[in-house]
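Examination of the molecular architecture
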Amino acid sequence: MVTTATKVPVKPLGDRIVVQPLEAEQTTASGLVIPDTAKEKPQEGKVLAVGPGNWDEDGDKRIPLDVAEGDIVLYSKYGGTEVKYGGEEYLVLSARDVLAIIEK
């Protein structure tokens, strides 16, 4: 599998992932323009980095995450922590905040 994920200077730990939120739609299906004040917070983003996963109960091995770099994911509306680093905005999410992988 070849990924085209952008290299980010932020390395997530444990079961965390770094996501770049995708912009919300600017217009409705009928062509109406949505003003900035009425836009909903985006819930879709591209996974840029994935942590190594949490340790199992015995502490012997890591449990890998279900997402990979380059995946487009749907995440919880108010989940994660917004981070601004190097002029870019990222969202650091726990794996449990990811609701689904979007296949396009």
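What counts and how
Residues numbered from 1 in each chain as written. Predicted model: local features only at pLDDT ≥ 70, side-chain atom pairs only at ≥ 80, totals over all residues. Heavy atoms only, no water. Helix = DSSP H or I, 4+ residues; strand = E, 2+ residues; numbered from the N terminus. Buried < 20%, exposed > 50% of the residue type's maximum accessible area, 1.4 Å probe, protein only. Contact = heavy atoms within 4.5 Å. Areas by Shrake-Rupley, 256 points an atom, 1.4 Å probe, with all protein chains shown as cover. Pairing = 2+ DSSP bridges. Axes fitted to C-alpha atoms, helices over the stretch in contact; angles between N-to-C directions. Salt bridge = Lys/Arg side-chain N within 4 Å of Asp/Glu carboxyl O. Lys, Arg positive; Asp, Glu negative; His and termini not counted. Polar contact = N/O pair within 3.5 Å; in protein donor to acceptor, adjacent residues only side chain to side chain.

1. Points about the overall build of the protein chain
- Helix and strand counts for the protein chain come out as 0 helices and 6 strands.
- From first element to last, N terminus to C terminus, the protein chain shows the α and β order β-β-β-β-β-β.
- Out of the 104 residues belonging to the protein chain, those deemed buried represent 26%.
- Expressed as a percentage of contacts within the protein chain between residues at least 6 apart in sequence, the contacts between residues at least 24 apart total 67%.
- Counting only carbon and sulfur atoms, one obtains 51% of the accessible surface of the protein chain, whose full area is about 7,400 Å².

2. Remarks on the pairing of strand E3 (residues 72-75)
- One ladder, built from 3 bridges, connects strand E2 (residues 44-50) with E3; its direction is antiparallel. Of the residues in E3, the one forming a bridge with glutamate 44 is leucine 74.

3. Quick look at the sheet that holds E2
- The 6 strands are arranged E4-E5-E1-E2-E3-E6 in an open sheet whose pairing can be described as antiparallel. Lying at the two open borders of the sheet, with one neighbouring strand each, are strand E4 (81-85) and strand E6 (98-102). With direction set aside, neighbouring strand axes in the sheet form an average angle of 45°.
- Sheet topology note: the strand E1 (residues 16-21)/strand E5 (residues 88-94) ladder contains 4 bridges and is antiparallel. Directly across from arginine 16, in E5, lies its bridge partner serine 94.

4. Here we look at the pattern of salt bridges
- Within this structure, the stated rule accounts for 1 salt bridge.
- For arginine 16, the salt bridge identified is with aspartate 15, shortest N-O distance 3.3 Å.
- Using a relative accessible area of 37% as the deciding quantity, one classes arginine 16 as partly exposed.
- The buried category is assigned to aspartate 15, whose relative accessible area is 12%.

5. Considering the side chain of aspartate 56
- Tracing the chain through its elements places aspartate 56 in the loop between E2 and E3.
- Summary of buried charges: aspartate 56 has no salt-bridge partner, and the nearest side chain of opposite charge, lysine 61, is 5.1 Å away.
- Only 2.9 Å separates the side chain of aspartate 56 from the backbone nitrogen of aspartate 60, close enough to count as a polar contact.
- Each residue touching aspartate 56, except ones within four places of it in the same chain, is listed here: Lys61 and Ile63.

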